[in-house]
Amino acid sequence: MIELERLIDHHCHGVDVRPLSRARLEALMSEAHRPEVPGCTQFDKPVGMVMRRYCAPVLGLEPHASPEDYVARRAELGGEEASRRLMRAAGTSDLLLDTGHRSGDILDVPGMAALSGASVREIVRIEAVMEQAARTAGSGEQLLTLFEAALAERASKAVGLKSIVAYRTTFDIDQSAPSRAEAAAAGDAWLRRNAESGWRRLEDPTLIRHGLYVALDLCVQRQFPLQLHVGVGDRDVDMPKCDPTVFVPFILQAEVKDVPITLLHCYPFVQESAWMAEVFSNVYFDVGFTLNFTGALARRAMEDALGMGPFFKQLYSSDAFGLAELHHLGRVQFQRMLSAVLSDWVAAGDCSVKEADRTAAMIAHKNAERIYRL
Amino acid sequence: MIELERLIDHHCHGVDVRPLSRARLEALMSEAHRPEVPGCTQFDKPVGMVMRRYCAPVLGLEPHASPEDYVARRAELGGEEASRRLMRAAGTSDLLLDTGHRSGDILDVPGMAALSGASVREIVRIEAVMEQAARTAGSGEQLLTLFEAALAERASKAVGLKSIVAYRTTFDIDQSAPSRAEAAAAGDAWLRRNAESGWRRLEDPTLIRHGLYVALDLCVQRQFPLQLHVGVGDRDVDMPKCDPTVFVPFILQAEVKDVPITLLHCYPFVQESAWMAEVFSNVYFDVGFTLNFTGALARRAMEDALGMGPFFKQLYSSDAFGLAELHHLGRVQFQRMLSAVLSDWVAAGDCSVKEADRTAAMIAHKNAERIYRL
Amino acid sequence: MIELERLIDHHCHGVDVRPLSRARLEALMSEAHRPEVPGCTQFDKPVGMVMRRYCAPVLGLEPHASPEDYVARRAELGGEEASRRLMRAAGTSDLLLDTGHRSGDILDVPGMAALSGASVREIVRIEAVMEQAARTAGSGEQLLTLFEAALAERASKAVGLKSIVAYRTTFDIDQSAPSRAEAAAAGDAWLRRNAESGWRRLEDPTLIRHGLYVALDLCVQRQFPLQLHVGVGDRDVDMPKCDPTVFVPFILQAEVKDVPITLLHCYPFVQESAWMAEVFSNVYFDVGFTLNFTGALARRAMEDALGMGPFFKQLYSSDAFGLAELHHLGRVQFQRMLSAVLSDWVAAGDCSVKEADRTAAMIAHKNAERIYRL
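Quick summary incoming for the structure in this document. (Residues numbered from 1 in each chain as written. Chains lettered and ligands numbered in written order. Predicted model: local features only at pLDDT ≥ 70, side-chain atom pairs only at ≥ 80, totals over all residues. Heavy atoms only, no water.)

## Quick look at the overall build of chain A
Now for step 1: Each helix and strand in chain A was counted, giving 16 helices and seven strands.
Now for step 2: Computed over its C-alpha atoms, the radius of gyration of chain A comes to 21 Å, within 12% of the 21 Å expected for a compact globule of 374 residues.
Now for step 3: Judged by the C-alpha coordinates and their principal axes, chain A covers about 60 × 50 × 35 Å.
Now for step 4: The burial tally for chain A puts 65% of its 374 residues in the buried class.
Now for step 5: Excluding contacts between residues fewer than 6 apart, the proportion of contacts in chain A whose partners are at least 24 apart in sequence is 76%. (Helix = DSSP H or I, 4+ residues; strand = E, 2+ residues; numbered from the N terminus. Rg over C-alpha atoms; globule rule 2.2 N^0.38 Å. Buried < 20%, exposed > 50% of the residue type's maximum accessible area, 1.4 Å probe, protein only. Contact = heavy atoms within 4.5 Å.)

Laid out in structure tokens, this is it:
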């Protein structure tokens, strides 16, 4: 097994340490928006299977514990203690936390630092900051001003920004920078709709594009990356239009400005993402979500990543949200799948042990250290 | 090797038991619409190679028999005896038969029951029923009435319905229910064209959408699934638009009504299909056609399926059409590829033997029993 | 290891035998258009890793030589001697050379024959011939006349034609033959733009379609294939629209005329390309670029190819450009990956040793001999 002297999780979320019912626990193991059919359980799928294998022992159970035993033991320990054990077992050195999604339910940066013992830094979600600004803005123009000030302020303490444009409009949009007047007009329209017919989340492409270009300038100033959600997610994803190759025009804009773009998750577009890392000097990627959710078969995603992507362009993430289990599993899956591939390379004579170690170090921490300046 | 105490083939077709010339036999091994180039043979491809390996012994030949020997032996036994041996060797417990494609050439439900000894039930192809109704309808309105009555009648004896919308219009269409007036007008136009310039198969998106929504209501009443052809097929397939993620708007309509949608074949969209099974509570899928046609490398498709899809959402099919060989191969490929993956999981400690058996049982029969209510 | 008594590289380019700086060498290992970030090297990616493994010994170094040692040794030998050693080590029997890309930098047909000792034949790039014609044409009509004469003349000495329509317009265009008047008008417009605002490469879809149909007629006359670039390439590629299934309407036109279409590279559309080889009687494909660029994990691409494609429809290429290393690696990667898959098939009993050898021979040379009439 490859040793990981430092492991930087460049994309993850906080943990929900409250007591979790079985239904709530299963919901956090899933991208579904409705409960599974009666008699079925999220434990009977790839991530559920490896969770019982690798997380159960951390809670003092045998591997392959039944869902009933797992849930009971977790309750017995309490959400906080169970989460602490799992975070400590993971032992991830650095967590870069996306704080923009359901932040009321999960621990924040200091909370995660205390729970895990890791160094925790923040990644700011652009669209969440604009939605917050919209809560108090009286006009489109004021929305932009509030948003820009808030994003700059948040960025000053963060190590990167993130966009979920793929979720909100797909990548299949005009990718140029809108004029300020266009953005203000779009802001007026959004605020008016909100006032007239109740709050609606940010989905306007003009405003989102404005947010992306404001973010790009902050990334230039701060010399840090812009993260992009890619592919897999919940039912809001219009999959063919979340292929990252559709977003090349924007990525070329970022390349001119030397802003690293980090593509997240990438399933089922891992091959496309790896090709982009080959072609564009600023593109990086991870297969974090994919490694957890493909369970015992995660080697496939690791191979798609290592099969085209430059080693100096790949990153580690867990994409864990809510469950400390997913933080722990993320590390387990990454370490064992990377080790499996690299040790096969060494056995076949395709690379030396020293090179294998160097490759692992790049993906585990050196690339992230460089672009996030950690 | 995993034992399969019951195996439900939830999507297959009847067998042609007439004597088959070599040319006809090869045509049934292929999705091509023109014969292969001179000097080449369909036996020299993945499915042809494993057919000679696994079907030849059932007919009393050595494995790897030459195409010449295989064809000669099949002729010597006669189409019916050869087919019977292959169906009995397959030993599939239940066949759910799609009866809507070239039904004049192949055995029907009772014929297949007699040949195979299996329990055989029918899946009704929506578009075929509408085409039949068009043969006698005098107006669009009458077409709808005849179609609705015929589909309801056929559904009353069937265990599911099936649509080939992907073949006829692709998934890239308006996916809402048309009004009855719109459907009737589209029917008028189709009948008129047929009368004026000769019979043309159903390709009108409005009529096909009407068929889908009528079918959805019948699925609700009968509490059984709607099958959807996905991806791979003959030259009529416009592949990028047969990606099942393009059909999400319709699938959400079915989810609201709790109608299971079963995605068939799925190559090259197995990862996309598995993701849909993860996200939508009503989505099921198989990789039937793919397992046969990828031959010795079918483990790839099995891994893509098991790598993201919940185990309680996967199904078995052979998608066999015409050749009893494809029924037999379907079982062989499914059993050996599933066994290979599961035994590796057990060997790696990722799951217990008991769980592996339970997982196999879900995919082999338990999921199909539940949704088809067998 | 499978023996290859003849190996036909049906798609490759000439070699640059001039002295290469490290920067230039790395640029030739990459599809990127900007240099890698400081501190990073193209040797740290899949193709760079196997290059050091398999090419270093040919130049008298240990496997896994450092980039520094590799570059130094190459300089010491001189570009010509290093290239000769690598070409001779590759020992490819036949090179079909695409001469239409940056031909000033690389050896031509006689130069490659002398360097390699192989039989070298030419593949003519359609768009390059039209661009050459545009240098002297005074009108659209004259452009067509010059182009048609030049292409016919070039074709008379070549063994095939090639189009890079995917790069220039994507496959997502009207795929019918334009009228001569439409093509001439498009020619007038292009020449006018060139005269007014400086030379611009051929990107007009009408002219490119005209070129394709002129080429198709020459392919009929000469009974040889038309090659199509597919998928992977540099930043000009609009990936989703370079999916070969998007070009089916044109391919059906070629099928009617019995013109073989050979799909090149195919990443990330290998499964789609293999399906097209199954469905269309005239479609052939290779995974040449992919085998080199996926390095130690190239078995994936080989499996995607062999997992659906008829064995009588697959071809070998290296897609080497500039570096003799890529010619050598192409052979190494093809031979070891094909051997690995076939020997597993034999071990599993899925095919006999004789069949494995026959399959290898088809892909290594027999299919290319047949369609290129070598």
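## Remarks on helix H12 (residues 270–279) of chain B
Now for step 1: In terms of burial, H12 of chain B is largely enclosed, as nine of its 10 residues are buried.
Now for step 2: Within the sequence span of H12 of chain B, burial applies to Val 270, Glu 272, Ser 273, Ala 274, Trp 275, Met 276, Ala 277, Glu 278 and Val 279 of chain B.
Now for step 3: Looking at the buried residues of H12 of chain B, the elements they touch are helix H13 (288–293) of chain A together with strand E5 (226–230), helix H11 (248–256), strand E6 (261–265), strand E7 (283–285) and helix H14 (299–306) of chain B.

## Concerning the packing of aromatic side chains
Now for step 1: Following the criterion strictly, the structure yields 27 aromatic pairs over all chains and no others.
Now for step 2: Ring centres of Tyr 316 of chain A and Phe 334 of chain A lie 4.7 Å apart, and the angle between their planes is 45°; on these two criteria the pair is classed as tilted. Here the residue Tyr 316 of chain A occupies a position in the loop between helix H14 (299–306) and helix H15 (324–348), and Phe 334 of chain A occupies one in helix H15, the gap between them amounting to 18 residues.
Now for step 3: Taking relative accessible area as the criterion, Tyr 316 of chain A reaches 1% and is therefore assigned buried.
Now for step 4: A ring pair is formed by Phe 289 of chain B and Phe 293 of chain B, whose centres lie 4.2 Å apart and whose planes are at 10°; its orientation type is stacked. Here Phe 289 of chain B pairs with Phe 293 of chain B, and both are found in helix H13 (residues 288–293), just four residues apart, close to one helical turn.
Now for step 5: Here the aromatic cluster, defined as three or more aromatic residues joined through ring pairs, consists of Phe 171, Tyr 213, Phe 247 and Phe 250 of chain A.
Now for step 6: If you follow Arg 53 of chain A out to its NZ or CZ, it ends over the ring of Tyr 54 of chain A, 4.3 Å from the centre. (Phe/Tyr/Trp six-rings, centres within 6.5 Å; stacked < 30°, edge-to-face > 60°. Lys NZ or Arg CZ within 6 Å of the ring centre and 35° of its normal.)

## A word on the relation of the copies chain B and chain C
Now for step 1: Its rotation angle being 120°, the transformation that places chain B on chain C also includes 0.0 Å of axial translation and leaves an RMSD of 0.0 Å. Classification of the inter-copy transformation places it as that of a three-fold axis. Residue Pro 240 of chain B, judged by its C-alpha, is the member of chain B lying nearest the rotation axis, at 5.1 Å.
Now for step 2: In this assembly, only 3% of the residues forming the interface of chain B have copies in chain C that are likewise at the interface, indicating a heterologous arrangement. (Least-squares fit on C-alpha atoms with pLDDT ≥ 70 in both.)

## Things to note about the pairing of strand E5 (residues 226–230) of chain C
Residue and element names in this part refer to chain C.
Now for step 1: In terms of burial, E5 is a largely internal element, five of the five residues being buried.
Now for step 2: Burial of E5 is two-sided: the residues Leu 226, Leu 228 and Val 230 facing one way and the residues Gln 227 and His 229 facing the other way are all buried.
Now for step 3: The pairing of E5 with strand E6 (residues 261–265) spans five bridges and is classified as parallel. Looking across to E6, one finds that Gln 227 is bridged to Thr 262.
Now for step 4: Where the polypeptide runs from E5 across helix H11 (residues 248–256) and back to E6, its parallel neighbour, the crossover connection is right-handed. (Pairing = 2+ DSSP bridges. Right-handed = clockwise from strand over helix to strand, strands pointing away.)

## Re the relation of the copies chain A and chain B
Now for step 1: Expressed as a screw transformation, the operator carrying chain A onto chain B has a rotation angle of 120° and an axial translation of 0.0 Å, and the superposed copies differ by an RMSD of 0.0 Å.
Now for step 2: Take the interface residues of chain A: only 3% of them recur as interface residues in chain B, which is what a contact between different surfaces looks like.

## Focus: the interface of chain B and chain C
Now for step 1: With 37 residues of chain B at the contact, the number on the chain C side is 37 residues.
Now for step 2: Taking both sides of the interface into account, the surface hidden between chain B and chain C amounts to around 3,100 Å²; carbon and sulfur atoms contribute 56%.
Now for step 3: A per-residue breakdown of the area chain B buries against chain C is headed by Asp 44, Leu 297 and Arg 300 of chain B, which together make up 21% of the total.
Now for step 4: In this assembly, chain B and chain C are joined by seven salt bridges. (Buried area = accessible area lost by both parts, 1.4 Å probe. Salt bridge = Lys/Arg side-chain N within 4 Å of Asp/Glu carboxyl O.)

## Some remarks on the packing of helix H12 (residues 270–279) of chain C against helix H14 (residues 299–306) of chain C
Residue and element names in this part refer to chain C.
Now for step 1: Two elements in contact, H12 and H14, have axes whose closest approach is 8 Å; the angle formed by their N-to-C orientations is 25°. Here H12 lies roughly parallel to H14, going by the angle between them. The crossing of H12 and H14 is right-handed. Facing Val 270, Gln 271 and Ala 274 of H12, the residues of H14 in contact are Ala 301, Asp 304 and Ala 305. (Axes fitted to C-alpha atoms, helices over the stretch in contact; angles between N-to-C directions. Parallel < 35°, antiparallel > 145°, perpendicular 65-115°, else oblique. Left-handed = near helix turned anticlockwise from the far one by under 90°.)

## As for helix H10 (residues 205–222) of chain B
Residue and element names in this part refer to chain B.
Now for step 1: Here H10 contains 18 residues, and its C-alpha end-to-end distance of 25 Å stays within 8% of the 26 Å for a straight helix at 1.5 Å per residue.
Now for step 2: H10 sits mainly inside the fold: 13 of its 18 residues count as buried.
Now for step 3: One side-chain oxygen at the N-terminal end of H10 lies 2.9 Å from the backbone nitrogen of Thr 206; it belongs to Asp 204.
Now for step 4: Remark: Gln 223 follows H10 within two positions and exhibits a positive phi of approximately 50°. (Expected span 1.5 Å × (residues − 1). Polar contact = N/O pair within 3.5 Å; in protein donor to acceptor, adjacent residues only side chain to side chain.)

## Looking at the environment of Leu 20 of chain B
Now for step 1: Its place among the elements puts Leu 20 of chain B in the loop between strand E1 (8–12) and helix H1 (22–28).
Now for step 2: Once you skip the residues sitting within four places of it in the chain, Leu 20 of chain B turns out to touch Leu 25, Leu 28, Arg 74 and Leu 323 of chain B.

## Comments concerning the interface of chain A and chain B
Now for step 1: In this complex, chain A contributes 37 residues to the contact, which on the side of chain B involves 37 residues.
Now for step 2: Counting across the interface, chain A meets chain B through seven salt bridges.
Now for step 3: Here Asp 304 of chain B ties to Arg 300 of chain A by a salt bridge, and the two come within 3.5 Å at their closest N and O atoms.
Now for step 4: Elements represented by at least two residues in the side of chain A that touches chain B include exactly helix H2 (46–54) and H13 of chain A.
Now for step 5: When residues in the side of chain A that touches chain B are grouped by element, the largest group, six residues, is from H2 of chain A.
Now for step 6: Here the residues of the side of chain A that touches chain B are counted per class, giving 19 nonpolar, seven polar and 11 charged. (Nonpolar A, V, L, I, M, F, W, Y, C, P; charged D, E, K, R; others polar.)

## Some details on the packing of H2 of chain A against H15 of chain A
Residue and element names in this part refer to chain A.
Now for step 1: Where H2 meets H15, the closest approach of the two axes is 10 Å, and the angle between their N-to-C directions is 90°. By the angle between their axes, H2 is roughly perpendicular relative to H15. Touching Val 47, Val 50, Met 51 and Tyr 54 of H2 are Glu 325, Leu 326, His 328, Leu 329, Val 332, Gln 333 and Arg 336, all from H15.
Now for step 2: Looking at the contact of H2 with H15 residue by residue, the classes come out as seven nonpolar, two polar and two charged.

## Examining the pattern of salt bridges
All names here are of chain B.
Now for step 1: All chains considered together, the criterion is met by 102 salt bridges over all chains.
Now for step 2: Arg 299 is paired through a salt bridge with Asp 344; the nearest N and O atoms lie 2.8 Å apart. On the criterion of sequence distance, the pair formed by Arg 299 in helix H14 and Asp 344 in helix H15 (residues 324–347) is long-range, its members being 45 residues apart.
Now for step 3: The exposure class of Arg 299 is partly exposed, given its relative accessible area of 26%.

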